[in-house]
Amino acid sequence: AEAALARQPAGDYAAHLRLSDIALPEGAADRLLPGADLGDRIASVSADATVGFAHPPALHGPHPELARVHLATLSIDWGGRGLSASGDLSADAAGLAEGQIALTTRDWQSWFDVARRAGLLGRGEHLVESLLRSMAEASPDGSVSIPVSFHKGRMSVGPVPTGYMLRLAQRQ
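The shown structure was predicted, so the numbers you read here are calculated from the model rather than taken from an experiment.

We now examine the pattern of salt bridges. Tallied over the full model, the rule gives six salt bridges. The partner of arginine 116 in a salt bridge is aspartate 113, with the nearest N and O atoms 3.5 Å apart. Taken together, the residues arginine 116 and aspartate 113, both in helix H2 (residues 108-117) and three residues apart, mark about one turn of the helix. Exposure remark for arginine 116: the relative accessible area of 33% places this residue in the partly exposed category.

Here's what the structure looks like:
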């Protein structure tokens, strides 16, 4: 395991993470994404990001609230499924995510099934699957890269709204 967090001149923090053969507590994956059937073992996770907080983190006091995240790279191999991501998110006035993350995978069908079983796709499920299938068929290596957008409390996979929201910070 390898992890580092370094303060940058502008007050943000550079984060670097490399983990392998991660054993989650029994049932943790199912509590995170009920029904997704991910399993409690992650082969590897690596990430390089820059994070900014609403207030400087302190050892004592309130938990730091994320204000923004620049995800240079995130790679995960979970249950034989590979996925990479990059993009930028910031917290709006209500603490909800605003921005876009690009997800790239060759294992799109398997990840789609995970999202479907976890109930993340909502009414747009069939449109998302059709879009992913078309993209994979057009790709020389069968990989798919799709933007996941967050705006005003809503998430969209490509052009299809899914209705799921991501909270970055607890704001009143």
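Having seen it, we continue.
Within the largest apolar cluster, 36 residues are counted, with the highest numbers of intra-cluster contacts made by Leu38, Ile76, Trp78, Trp111, Val128, Leu132 and Phe150. Secondary-structure elements contributing two or more residues to this core are strand S3 (41-53), strand S4 (66-78), strand S5 (81-91), strand S6 (97-105), H2, helix H3 (125-138), strand S7 (144-151) and strand S8 (154-157). Here this core takes five residues from H2, the largest share from any one element. Ignoring anything within four residues of it in the chain, the contact list for leucine 132 reads Trp108, Phe112, Val144 and Ile146.

The subject of this paragraph is the packing of H2 against H3. Put simply, H2 and H3 touch, their axes get as near as 11 Å, and they point 170° apart. Regarding the angle of H2 to H3, the classification is roughly antiparallel. Each of Trp108, Gln109, Phe112 and Arg116 in H2 lies in contact with H3, whose residues at this interface are Glu125, Val128, Glu129, Leu132, Arg133 and Ala136. Among the residues making up the contact of H2 with H3, the classes are represented as five nonpolar, one polar and four charged.

Let's shift gears to the pairing of S6. Relative to S6, S5 runs antiparallel, the two being bridged by eight bridges. Bridge pairing in S6 places glycine 87 opposite isoleucine 101.

Quick notes on the rules
Residues numbered from 1 in each chain as written. Predicted model: local features only at pLDDT ≥ 70, side-chain atom pairs only at ≥ 80, totals over all residues. Heavy atoms only, no water. Salt bridge = Lys/Arg side-chain N within 4 Å of Asp/Glu carboxyl O. Helix = DSSP H or I, 4+ residues; strand = E, 2+ residues; numbered from the N terminus. Buried < 20%, exposed > 50% of the residue type's maximum accessible area, 1.4 Å probe, protein only. Core = buried A, V, L, I, M, F, W, Y, C linked by side-chain atoms within 4.5 Å. Contact = heavy atoms within 4.5 Å. Axes fitted to C-alpha atoms, helices over the stretch in contact; angles between N-to-C directions. Parallel < 35°, antiparallel > 145°, perpendicular 65-115°, else oblique. Nonpolar A, V, L, I, M, F, W, Y, C, P; charged D, E, K, R; others polar. Pairing = 2+ DSSP bridges.

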